[in-house]
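# Structural features, examined
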Amino acid sequence: MDNHEVTMEKIVSLCKRRGFVFQSSEIYGGQSGAWDYGPLGIELKKNIQNAWWKEMTQMHDNIVGLDAAILMHPRVWEASGHVANFSDPLVDCKQCKMRYRADNMDQEALASKKCPACGGELTEPRAFNLMFKTHIGPAEDTASVVYLRPETAQGIYVNYKNIIQSNRMKIPFGIAQVGKAFRNEIVTKNFIFRTCEFEQMEMQFFVKPGEDEKWFEYWRGQRWEFYKKYGVCMDKMRWYHHEKLAHYAKDAYDIEYEFPMGFSELEGIHNRTDYDLSRHTEYSGKDMQYIDQDNGADKYIPFIIETSAGLTRNVLMFLCDAYEEQNIAGDGAAEDYRTVLHFHPSIAPVTVAVLPLMKKDGLAELAREIQNELKEDFVTDYDQSGAIGKRYRRQDEVGTPFCITVDYDSKEDGSVTLRFRDSMEQVRIHRSEIAARIREEIKSYKRT
Ligand code: ATP
């Protein structure tokens with residue numbers, strides 16, 4: 001392997017070094033399945049979330065937002081099928097105590113009942129429910145059981161009638177939600193790819209039965225285009241069509257991304273039929289039918305097309321996709337590598353960094369003044385320490401798309417240098433043009 005390729009180790013190390021992601025409770029040896037987002041990580045995550053939110057709610061007149069509680073009535077999870085079905089088959093090695101998901105194991109190893117790590121004897125697969133169970137109130141009895149939601153979708157289904165009534169929504173329409181979900185994953189690995197606590201960005205689209213296949217195709221197209229719009233290398237994306245469907249699904253596709261460990265699921269697009277709303281009708285006793293006032297009060301239970309993406313998994317995807325160790329050696333030199341994150345400028349944690357060429361002679365003050373002018377519009381950074389080339393590299397490594405350098409001429413004529421992360425080109429512009437120029441560059445950005 002080319003030793004300048006992206007690996008998970010490099011991503012983990014960069015994330016820690018530059019404040020994207022830290023191990024949870026690190027000073028106590030870490031908590032598996034949980035990660036903390038540092039100053040740059042939270043900006044990146046927020047930007048991805050905002051891009052998704054904008055795409056769903058701002059760009060689609062018929063999609064509205066929701067923020068439902070994590071704790072829900074336990075009957076929700078009986079109705080959804082999670083109490084009975086949301087489990088992974090688990091096998092343990094009796095000798096080395098390794099634990100595996102039987103559905104992810106090499107099927108030959110599973111059939112031989114021998115541990116792939118040590119050759120020891122494996123137990124029979126056991127169903128292991130993935131929901132975290134806790135209690136509300138002082139008594140830890142069955143009457144007080146609540147679950148941490150394992151998906152955000154159910155919060156949408158139980159509010160679907162509220163939203164129709166309060167917001168006068170007509171089918172077809174959608175409800176978007178971003179929030180935490182929890183799964184007691186047996187194997188948490190690959191950094192933030194699979195964790196016990198994570199965030200989802202889900203949109204549930206309610207349609208008339210019979211129109212579901214059309215909308216399913218529509219949403220597959222929309223989701224693909226989203227990643228394209230935000231500069232993801234599309235040759236690292238592919239579709240996976242589910243042959244074995246979940247108990248609620250009529251059709252299902254995953255968008256997979258080629259992470260360093262191989263192609264893995266990033267987002268699922270599912271035709272969930274009328275399963276969820278029918279089950280909630282059955283379990284709650286409430287009528288979940290839609291009354292189509294425009295068509296002679298025609299009544300039906302809508303079909304649901306779901307787009308379900310992991311937000312934290314998207315953070316990992318955007319990091320891996322942006323990462324490059326680029327040889328920028330000039331004439332004569334064989335090698336000179338810089339690490340650069342080619343984030344789309346509207347995803348990048350910092351949009352513009354302002355750098356005075358020198359600290360002295362009033363350049364620092366002038367740079368601060370320019371930074372203050374830009375703060376209202378962009379997330380900015382300021383750095384005055386070290387050689388200018390070094391400071392550019394520091395910004396490249398965290399994916400800052402634009403740097404403004406303030407020098408002696410800036411004092412005289414108000415001109416500054418605008419430096420582009422990807423091409424490393426520099427142009428001279430007047431300080432009064434910076435904000436408009438950056439906005440223009442963000443709009444027309446194409447990844448090279
Ligand atoms: P898997 O089969 O890999 O466990 P799944 O098919 O059950 O995942 P979904 O229930 O469809 O996943 O969840 C929708 C999305 O939520 C996934 O595409 C993924 O991006 C994200 N997701 C699911 N589980 C996790 C997790 N444990 N950690 C991080 N993200 C997750």
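Residues numbered from 1 in each chain as written. Predicted model: local features only at pLDDT ≥ 70, side-chain atom pairs only at ≥ 80, totals over all residues. Heavy atoms only, no water.

### A look at the pattern of salt bridges
- One pass over the full model with this rule turns up 38 salt bridges.
- Between Asp396 and Arg338 there is a salt bridge, with its nearest N and O atoms 2.9 Å apart. Here Asp396, found in helix 12 (residues 388–397), pairs with Arg338, found in strand 18 (residues 337–341); they are 58 residues apart in sequence, far enough to count as distant. When sorted by exposure, Asp396 lands in the same class as Arg338, which is buried.
- One salt bridge in this structure joins Arg419 and Asp396, with 2.8 Å as the shortest N-O distance. Of this pair, Arg419 sits in strand 22 (residues 415–420) while Asp396 sits in helix 12, placing them 23 residues apart in sequence.
- For Asp396, a relative accessible area of 0% gives the class buried.
- Each of Glu151, Arg272, Asp276 and Glu306 takes part in salt bridges that share partners, so that together they form one network. (Salt bridge = Lys/Arg side-chain N within 4 Å of Asp/Glu carboxyl O. Helix = DSSP H or I, 4+ residues; strand = E, 2+ residues; numbered from the N terminus. Buried < 20%, exposed > 50% of the residue type's maximum accessible area, 1.4 Å probe, protein only.)

### Details of the packing of aromatic side chains
- Per the stated rule, a full pass over the model turns up 18 aromatic pairs.
- Ring geometry for Trp215 and Tyr218: centres 5.2 Å apart, planes at 80°, overall edge-to-face. Residue Trp215 and its partner Tyr218 are both found in helix 8 (residues 212–229); the two are separated by three residues, about one turn of the helix.
- By relative accessible area, Trp215 is classed as buried at 14%.
- On the basis of relative accessible area, Tyr218 is assigned to the partly exposed category, the value being 31%.
- Among the aromatic residues, those joined into a ring-pair cluster are Phe205, Trp215, Tyr218 and Trp219.
- In this arrangement the basic side chain of Arg238 is found over the ring face of Phe263, its NZ or CZ atom lying 3.9 Å from the centre. (Phe/Tyr/Trp six-rings, centres within 6.5 Å; stacked < 30°, edge-to-face > 60°. Lys NZ or Arg CZ within 6 Å of the ring centre and 35° of its normal.)

### Some details on the sheet that holds strand 9 (residues 173–182)
- Read from one edge of the open sheet, seven strands run 3-9-10-16-13-12-11, paired in mixed fashion. Whereas interior strands pair on both sides, the edge strands pair on one side only; in this sheet they are strand 3 (63–65) and strand 11 (237–241). Averaged over neighbouring strand pairs, the angle between their axes works out to 25° when direction is ignored.
- Strand direction decides the pairing type here: strand 10 (residues 197–207) and strand 16 (residues 303–310), joined by eight bridges, are antiparallel. Bridge pairing in strand 16 places Met203 opposite Thr307.
- Each of strand 3, strand 9 and strand 10 is contacted by helix 7 (residues 160–167), which is oriented at about 135° to strand 9, the strand it contacts most.
- Those strands touched by helix 10 (residues 311–322) are strand 9, strand 10, strand 11, strand 12 (251–259), strand 13 (262–271) and strand 16, and its axis lies near 40° from that of strand 12. (Pairing = 2+ DSSP bridges. Axes fitted to C-alpha atoms, helices over the stretch in contact; angles between N-to-C directions. Contact = heavy atoms within 4.5 Å.)

### Comments concerning a nonpolar patch on the surface
- A contiguous nonpolar patch, built from Leu357, Met358 and Tyr408 and spanning about 230 Å² of accessible area, is present on the exposed surface.
- Inspection of the secondary structure assignment puts Tyr408 in helix 13 (residues 408–413). (Patch = residues over 30% accessible without salt bridge, like charges linked within 9 Å, V, L, I, M, F, W, Y side chains within 5 Å. Areas by Shrake-Rupley, 256 points an atom, 1.4 Å probe, with all protein chains shown as cover.)

### Focus: the environment of Met201
- One can find Met201 in strand 10.
- Look at Met201 and you get buried, because its relative accessible area is 0%.
- Considering only alpha carbons, one finds Met201 and Gln177, 24 residues apart in sequence, at a separation of 5.9 Å.

### Digging into the sheet that holds strand 6 (residues 126–129)
- Spatially, 5-4-6 is the arrangement adopted by the three strands of the open sheet, whose pairing is antiparallel. Taken across any chain shown, the strands that pair with only one partner, and hence form the sheet edges, are strand 5 (99–101) and strand 6. Direction aside, the axes of adjacent strands within the sheet are offset by 45° on average.
- Two elements, strand 4 (residues 87–92) and strand 5, share three bridges in a ladder whose sense is antiparallel. Note that in strand 5 the partner of Leu90 across the bridge is Arg101.

### With respect to the pairing of strand 22
- Buried residues dominate strand 22, accounting for six of its six residues.
- Residue alternation in strand 22 divides its side chains into two sets, Ser415, Thr417 and Arg419 and Val416, Leu418 and Phe420, and both sets are buried.
- Bridge count for strand 21 (residues 402–406) against strand 22 is four bridges, and the pairing is antiparallel. Residue pairing for strand 22: Thr405 is matched across the bridge by Thr417.
- Pairing analysis gives five bridges linking strand 22 to strand 23 (residues 426–430), with the strands arranged antiparallel. Bridging across to strand 23, Val416 finds its partner in Ile429.

### Points about the site of the ligand
- Near the ligand, the surroundings consist of 15 residues, among which Glu185, Arg194, Thr195, Glu265 and Leu266 are the closest.
- One of the side-chain nitrogen or oxygen atoms of Glu185 is found 2.7 Å away from a nitrogen atom of the ligand.
- Gln200 is positioned with one of its side-chain polar atoms (N or O) 3.2 Å from an oxygen atom of the ligand.
- Protein burial of the ligand: of its 610 Å² of free accessible surface, 85% is covered by the chains.
- Mapped by element, the contributors of at least two residues to the shell around the ligand are strand 10, strand 13 and strand 16.
- Per-element accounting of the shell around the ligand gives the leading share, four residues, to strand 13.
- For the shell around the ligand, a count of residues per class yields three nonpolar, five polar and seven charged. (Near = heavy atom within 4 Å. Polar contact = N/O pair within 3.5 Å; in protein donor to acceptor, adjacent residues only side chain to side chain. Nonpolar A, V, L, I, M, F, W, Y, C, P; charged D, E, K, R; others polar.)

### What to know about the side chain of Arg431
- Inspection of the secondary structure assignment puts Arg431 in the loop between strand 23 and helix 14 (434–443).
- A distance of 2.6 Å separates a polar atom in the side chain of Arg431 from a polar atom in the side chain of Glu373.
- Beyond its immediate sequence surroundings of up to four residues, Arg431 is in contact with Leu366, Glu369, Ile370, Glu373, Gly414 and Val416.

### A look at the packing of helix 1 (residues 8–18) against helix 10
- With their axes 11 Å apart at the nearest point, helix 1 and helix 10 run at an angle of 105° to one another. By the angle between their directions, the pair helix 1 and helix 10 is classed as roughly perpendicular. On the side of helix 1, the interface is formed by Met8, Ile11 and Cys15, while helix 10 contributes Leu316, Leu319 and Cys320.
- Its residues placed into classes, the contact of helix 1 with helix 10 shows six nonpolar, no polar and no charged. (Parallel < 35°, antiparallel > 145°, perpendicular 65-115°, else oblique.)

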